[in-house]
Amino acid sequence: MKRAVAVVGVGQTHHSSRRADKSMAGLVREATERALQDAGLGYEDIDAVVLGKAPDQLEGVMQPEQFLVGAVGAHMKPMIRVHTAGSVGASTAITGVTLVKSGQFRRVLAIAWEKQSEGNAMWALSPNMPFIAPLVAGAGGYFTPYIRAYIKRTGAPGHIGPMIAANARDNAGRNEYAHLREPMSVEDVTNSPMLWDPIRYLETCPSSDGAIALVLADEELAKKGPRRPAWVRSGATYVEPMWVPGRDQVDPAAGRRCAKTVYEAAGITDPWNQVDTVEMYVPFSWFEAMWLENLGFCEIGEGWKIVERGEQKFGAHLPVNPSGGVLCTNPIGASGMLRLGEAALQVMGRAGEHQVEGAKLAVGHAYGGGAQYFSMWVVSSEPR
Amino acid sequence: MRNVAIVAYAQAPFVAVDEHHTSTEILYPQIRRALADCGVEREAIDYQVGGSADYVDGRVFGFVAAVDVMGSWPPKQDLHLEMDAAFAAHYAWIRMQAGDCDTAMIVGYGKPGEGELNRILNLQLDPYYQGAVGLDLASTSALQASAYMARTGAGDADLAEVAARNRAAGARNPDAWLKQPATAAELQKTPWAVEPLRQGYVAPSCESAVCLILAAEGKAEKMSKTPVWIHGVDQRAELQSLGSRDLSKSASAGMAACKAFEMAGVKTANDVDLVELSALTAAEEMILREAVGLPARGDGGPAINPSGGPLAGSAAMSTGLVRLGEVYRQLSGKAANPVKNARRAIAHAAQGHALQHNLVWVLGNERRWS
Amino acid sequence: MSAPPTEPVRYIDSNVYLPYDYVAGDLKALYLRALKDRRILGSKCSKTGKVFVPPLPNSPESFAPCNELVEVSDQGTMTTFCIVNIPVIGRNLELPYVAASVALDGADISIFALILGIKPEDARMGMRVRAVWKPDGERTGSHDDIAHFEPSGEPDAPLESILHRL
């Protein structure tokens, strides 16, 4: 028996470079309070709590969910802590879905966060480890060579990345929770300093503090309201090894496989035309073009053309990252759940100023590691 | 409810520090062994999930290295929890109930010998009040032992007795780490770890890697002649703050046991033949015995920690899964030190300070649901 | 006792000091020691014969164990690269410089390497490079026994050969 699961509440914090006004507990609770309020529920209505965040070294604490039990209302409840690198927020949401789908828990609170201002994120992401070859480039420098390969394979013109970045900011201008919201032009981007050629400063994600929480419920409870829920039609988390010979980090197999699995389960055969909007994990501009291909929205080599034609802008054929995405907001542990949560908000009709009109079917996506971890879900305004 | 069984379990021999292998190099052969034991190739496993911790690994994203030894190609459905691997097994079981997989591989690994585990675990405590005063696992365990002893009147000799019994059992278990028994008198002479806990009453840290395979009814019978069925399972977390709870008890262990028993159709812990507790100190064992409804001391009733328990060797991030594995050995007739007529068992896992977060399984040789 | 703070306390500094004694493992140790002898070792999959550098205990692709160590060339092809303009923590390299994915001849996966002896604007995908070793007596059996890579002067590898084998 396949039980239906829905998102009945979404709550997130106002993301910023440093949430000096709240402790980690306060930050997380800001999101959980909003999510529960959105769902018209109290902590006592939750049967289990699933939490996810990225490496604990980012904040200099270990398994902080243990001291957050009180803040998240998990006292005397089952609790699970997920950690799957950059995709963690998304795999946490999917873990929560599985809990409800199992029939063992009727309402689950899924939370993802990062308060990385409390540590040294740059160090935490790229420490020099013994017996491992010394780093030659920072985190962004790891991915940039594959962006170069994408450009070489496709012959895409250099302005595509800056177009993506400028458009992301335009989107964030319509999202009150986003971290970076000031508009910028393509020229602003191309004039910004080159970090790892071909990626410039204004084409990279920020470092943010933030949290998001989702309330997931079974069909009977979801139908009780008060909001129109977002039905989770499918979800999956995949991984591939780092050192497979010939592994393609431009068009990763695990990403393609994940998309195939969730599309099939949701009855999507023509993503470009069936999906109304997609929130995909784009930490550096060019990944938007690459992921449009990897997620099957177009043929190989065509992703950048969608950008050039502006077909992924707000109001166009397939709005990508109407929230502004990771390029505008990146609390590492939360980013994956922000993608999935924003997709849910769209089909719930609750995305406010960045609502894609009439959105009924949305995709949320996140990735992590050396392009290894991929987590996605498909949400709909209809249960089946 | 789907009947789900353990069909294979492999554990690397415990060592203090393996100076020749990284954690994933220790793990790889255990995965191969577990698969061989249940007679399947990697492709037969639908889902993989691991439990480990970055701080134990002494690196960020430490678990990513495990992906390459787990047979994750072509891409596999996967998850990783920053928890003892027993909790990963619990999630795999939940996934089976959701119908999302029929077989699952659970791995646990870590090399606590590379760091100072006791000191590392200070970071689990809230950084403002408890972590800041320098409490570590040794001291929070001692606070709990002290509270327990104050409430019950248990004394040093009682702790020694519990520890000695575990050491004697460990000596009979070829898979334990400490293979020499120790008498209560000898243990009472060991120096204080943190008073009132002597070093002899505290689990010694060692290294291992484990792989456990779960399969749902329909597949389990093909993978093992003696599948060990899960009858009930539950886990609960409590507030961490040491001052906010009665440290002389573990309310979350009690509740997890209660719920697991309910699911299993078990009235009391006396209905099972053996109990494997993830007790990291002799005091924890007594507290946990009470929590599952057994007398804190004395014989009679089910065998407690016939494996020797963590007091005979505890591998960080795997200890909980090792308890499950030891139950599997006992109930499937593979144990070198068998508990007579063992047909049902309880296995327990914990994490956090002072038994903050507990997981209880009930298992048996028969299927629970028809 | 000092006077109470005049402003509300907003932060506490809590530095984390944790000592770790990392184990390289015998396999990695063999690799590192061989670097002292200007040799680059890889492990070979017992099933497919593919070679992994640095050595792995098993093939992540086939799942079979690797049970043989083989030597690979210290020359290879720069499959793709980026030009680094901001410093990496803990390294003192002159900016800008080329960081590249290098497919050593004989290896089936690539390593990440520093490329010097080239103007960044002259870097090309497919460029042939060779290791520049530290002089005899200065090599210690560690990763920086290979100081960096530099162009070897050979004709570039054809783009088709590396575009999908990064």
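Below is a summary of the structure that appears in this document.

About the thresholds
Residues numbered from 1 in each chain as written. Chains lettered and ligands numbered in written order. Predicted model: local features only at pLDDT ≥ 70, side-chain atom pairs only at ≥ 80, totals over all residues. Helix = DSSP H or I, 4+ residues; strand = E, 2+ residues; numbered from the N terminus. Rg over C-alpha atoms; globule rule 2.2 N^0.38 Å. Contact = placed C-beta atoms within 7 Å. Pairing = 2+ DSSP bridges. Nonpolar A, V, L, I, M, F, W, Y, C, P; charged D, E, K, R; others polar. Axes fitted to C-alpha atoms, helices over the stretch in contact; angles between N-to-C directions. Parallel < 35°, antiparallel > 145°, perpendicular 65-115°, else oblique. Core = buried A, V, L, I, M, F, W, Y, C linked by C-beta atoms within 7 Å. Buried ≥ 20, exposed ≤ 12 C-beta atoms within 10 Å, placed from the backbone. Domains from an automatic or database assignment.

**Overview of the overall build of chain C**
Here comes step 1: Regarding its fold elements, chain C presents 2 helices and 8 strands.
Here comes step 2: Its helices and strands in sequence order give chain C the pattern α-β-β-β-β-β-β-β-β-α, from N to C terminus.
Here comes step 3: A globule of 166 residues ought to have a C-alpha radius of gyration of about 15 Å, yet chain C, at 21 Å, is considerably larger.
Here comes step 4: In chain C, the proportion of contacts linking residues at least 24 apart, taken out of those at least 6 apart, comes to 53%.

**Observations regarding the interface of chain C and chain A**
Here comes step 1: Between chain C and chain A, the residue contacts involve 39 residues of the former and 34 residues of the latter.
Here comes step 2: Mapped onto the side of chain C that touches chain A, the elements with two or more residues apiece are α1 (26-36), β4 (75-84), β5 (97-104) and β6 (111-115) of chain C.
Here comes step 3: Here the side of chain C that touches chain A gets 5 residues from one element, more than from any other, and that element is β4 of chain C.
Here comes step 4: As judged from the 2 bridges shared by strand β5 (residues 194-197) of chain A and β4 of chain C, these two strands associate in the antiparallel manner. Considered in β4 of chain C, the bridge of D197 of chain A is made with I83 of chain C.

**Overview of the interface of chain A and chain B**
Here comes step 1: Of the residues lining the interface, 49 residues belong to chain A; the matching set on chain B comes to 48 residues.
Here comes step 2: Among the elements of the structure, β3 (79-82), α2 (88-101), α3 (121-125), β8 (230-239) and α8 (253-266) of chain A are those that each provide at least two residues to the side of chain A that touches chain B.
Here comes step 3: Its residues assigned to classes, the side of chain A that touches chain B shows 26 nonpolar, 16 polar and 7 charged.
Here comes step 4: Of the strand pairs in this sheet, β8 of chain A and strand β3 (residues 76-81) of chain B are connected by 2 bridges, and their pairing is antiparallel. Paired with V239 of chain A across the bridge in β3 of chain B is K76 of chain B.

**Side note on the packing of α2 of chain A against helix α12 (residues 332-348) of chain A**
Residue and element names in this part refer to chain A.
Here comes step 1: Axis separation between α2 and α12 bottoms out at 5 Å; the angle between their running directions is 55°. In terms of axis orientation, α2 runs oblique to α12. Residues V88, G89, A90, S91, T92 and A93 of α2 touch α12, and the partners they reach there are G333, A334, S335, G336, M337, L338, R339 and L340.
Here comes step 2: Here the residues of the contact of α2 with α12 sort into 7 nonpolar, 6 polar and 1 charged.

**A look at the nonpolar core**
Here comes step 1: By size, the foremost hydrophobic cluster in this structure holds 327 residues, and its most contacted members are I111 of chain A together with I106, L212 and L214 of chain B.
Here comes step 2: Inspection of this core shows a minimum of three residues originating in each of domain 1 (5-121 + 208-230) and domain 2 (138-206 + 232-380) of chain A.
Here comes step 3: Discounting residues that sit within four places of it in the chain, L212 of chain B has contacts with I6, Y9, A34, A89, I106, L321, L324 and G325 of chain B.

**Digging into the environment of E19 of chain B**
Here comes step 1: With respect to the secondary-structure elements, E19 of chain B resides in the loop between β1 (4-11) and α1 (23-37).
Here comes step 2: When the C-alpha atoms of E19 of chain B and A237 of chain B are compared, they prove to be 35 Å apart, with 218 residues separating the residues in sequence.

**Observations concerning unusual backbone geometry**
Excluding glycine, residues mostly have negative phi values, and the peptide bonds linking residues are mostly trans.
Here comes step 1: In this model, W73 of chain B is joined to P74 of chain B through a cis peptide bond whose omega is -5°.
Here comes step 2: Inspection of the secondary structure assignment puts P74 of chain B in the loop between α3 (64-67) and β3.
Here comes step 3: Cis peptide bonds are those with omega within 30 degrees of zero, and the linkage from L95 of chain C to P96 of chain C qualifies with -15°.
Here comes step 4: Tracing the sequence through the fold places P96 of chain C in the loop between β4 and β5.
Here comes step 5: One non-glycine residue, N305 of chain B, lies in positive phi territory at about 50°.
Here comes step 6: Tracing the chain through its elements places N305 of chain B in the loop between β11 (303-304) and β12 (314-315).
Here comes step 7: If you check the backbone angles, L355 of chain B has positive phi at about 50° while not being a glycine.

**Describing the pairing of β8 of chain A**
Residues and elements named next belong to chain A.
Here comes step 1: Here β8 lies mainly inside the structure; 10 of its 10 residues are buried.
Here comes step 2: With 2 bridges joining them, strand β1 (residues 5-12) and β8 adopt antiparallel strand pairing. Directly across from A6, in β8, lies its bridge partner W231.
Here comes step 3: Where β8 and strand β11 (residues 373-380) come together, 7 bridges link them in antiparallel fashion. Of the residues in β11, the one forming a bridge with T237 is S375.

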